[in-house]
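# Chains, contacts and geometry: an overview
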Amino acid sequence: FYRRLSSSPVPSKIHCVDGTEPEAAVKDKISGFDRVKSWTRKINVFEKDYLVIPINESLHWFLVVICDPGAMLLHSNDDTVECNDAESECESESSSIILDDREETSVTDIRITRIMIFDSLGITSRGRSMAVIRRLRSYLQLEAQDKLSMNSDSKKCIGQVVKVPQQDNFNDCGCFLLQFAEEFLKTCSDGRFLRESLDLSDWFPSSTAQNRRELMKQRIQQLSEDFTMREKLRPINDDESIRDISGSSDIEEIIQ
């Protein structure tokens, strides 16, 4: 999803009969948003509590979670000034990203959209983090206009880089991403996740994430065995079970 969203705009594939491109086609660009907007044609993302987005950049996986995306929507009774151009930078980007506890705002009682970055290598620099946050915020603004014909307030969407357990090698980023997602879903049911602190360095032991490979291997083996057993018990004819001479089905015999 994010790779398509972050791809550079390219001219649309419109050609004349003689093989040349019309002048209008040069101006008609297919943007990153155009590449992913159909993914949610039957889904209202602003009704979701969380959007979980895995991202791979430079062969490294990290996780982004968007909390309460609907909080940035502007309704008819809102008098907040919105950004007229969703692709532009409405306000200073330096005020929209929080890197540590000291910079946390005091708006704990105000409904706000949060774009949170969980990186087990800690390599998302401020500039890189701002680029991710800016792109995802722009996506939400364009999505609101495209699907709901609504404007949104960029000031009510902030970015946060969370301090999380770190990997000690260069091949466990995917395992940590899965662990971040699982731990987040375990602890965010009350909707107040990270409103007081961005330091989760002791969230879980690093070994917990590193052991996920073995757990996934065991799970896959179990699923494979379950599938094999179901295939053995599945009737050849969908309408009638295979029965032996006595009239008992295979499943009945096994149960007996």
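## Brief notes about the overall build of the protein chain
Across its full length, the protein chain carries eight helices and seven strands. With 256 residues in all, the protein chain has 37% of them scored as buried. Of the contacts made within the protein chain by residues no fewer than 6 positions apart, 73% connect residues no fewer than 24 positions apart. Within the structure as shown, the protein chain displays about 15700 Å² of accessible surface, and the carbon and sulfur contribution to it stands at 50%.

## A word on the side chain of R212
Tracing the backbone shows R212 in helix α7 (residues 212-233). What makes R212 buried here is its relative accessible area of 14%. Of note is the side chain of R212, whose polar atom sits 2.8 Å from the side chain of Q179.

## Describing the packing of aromatic side chains
For the structure shown, the criterion picks out 12 aromatic pairs. Pairing F1 with W39 gives two aromatic rings, centres 5.7 Å apart and planes at 55 degrees, and the pair type is tilted. Taken as a pair, F1 in the segment before α1 (2-5) and W39 in the loop between α3 (32-36) and β3 (50-57) lie far apart in primary sequence, 38 residues in all. By relative accessible area, which is 29% here, F1 ends up partly exposed. Cluster of aromatic residues (ring-pair linked, three or more members): Y50, F118, F176, F180, F184, W203 and F204.

## Some words on the confidence of the model for the protein chain
For residues with low pLDDT, the predicted coordinates do not support detailed interpretation. Overall, the prediction assigns the protein chain a mean pLDDT of 78, with 68% of residues at 70 or greater. Model confidence for the protein chain, summarised as mean pLDDT per element, is weakest for helix α8 (residues 250-255) at 44 and strongest for β3 at 95. Scored below 50 in pLDDT, residues 100-107 shows 15 contacts in the model against residues more than four places distant or in partner chains. Within the model, pLDDT remains below 50 along residues 242-246, and this stretch shows nine contacts once partners closer than five positions in the same chain are excluded.

Parameters at a glance
- Residues numbered from 1 in each chain as written.
- Predicted model: local features only at pLDDT ≥ 70, side-chain atom pairs only at ≥ 80, totals over all residues.
- Heavy atoms only, no water.
- Helix = DSSP H or I, 4+ residues; strand = E, 2+ residues; numbered from the N terminus.
- Buried < 20%, exposed > 50% of the residue type's maximum accessible area, 1.4 Å probe, protein only.
- Contact = heavy atoms within 4.5 Å.
- Areas by Shrake-Rupley, 256 points an atom, 1.4 Å probe, with all protein chains shown as cover.
- Polar contact = N/O pair within 3.5 Å; in protein donor to acceptor, adjacent residues only side chain to side chain.
- Phe/Tyr/Trp six-rings, centres within 6.5 Å; stacked < 30°, edge-to-face > 60°.
- pLDDT = per-residue confidence, 0-100.

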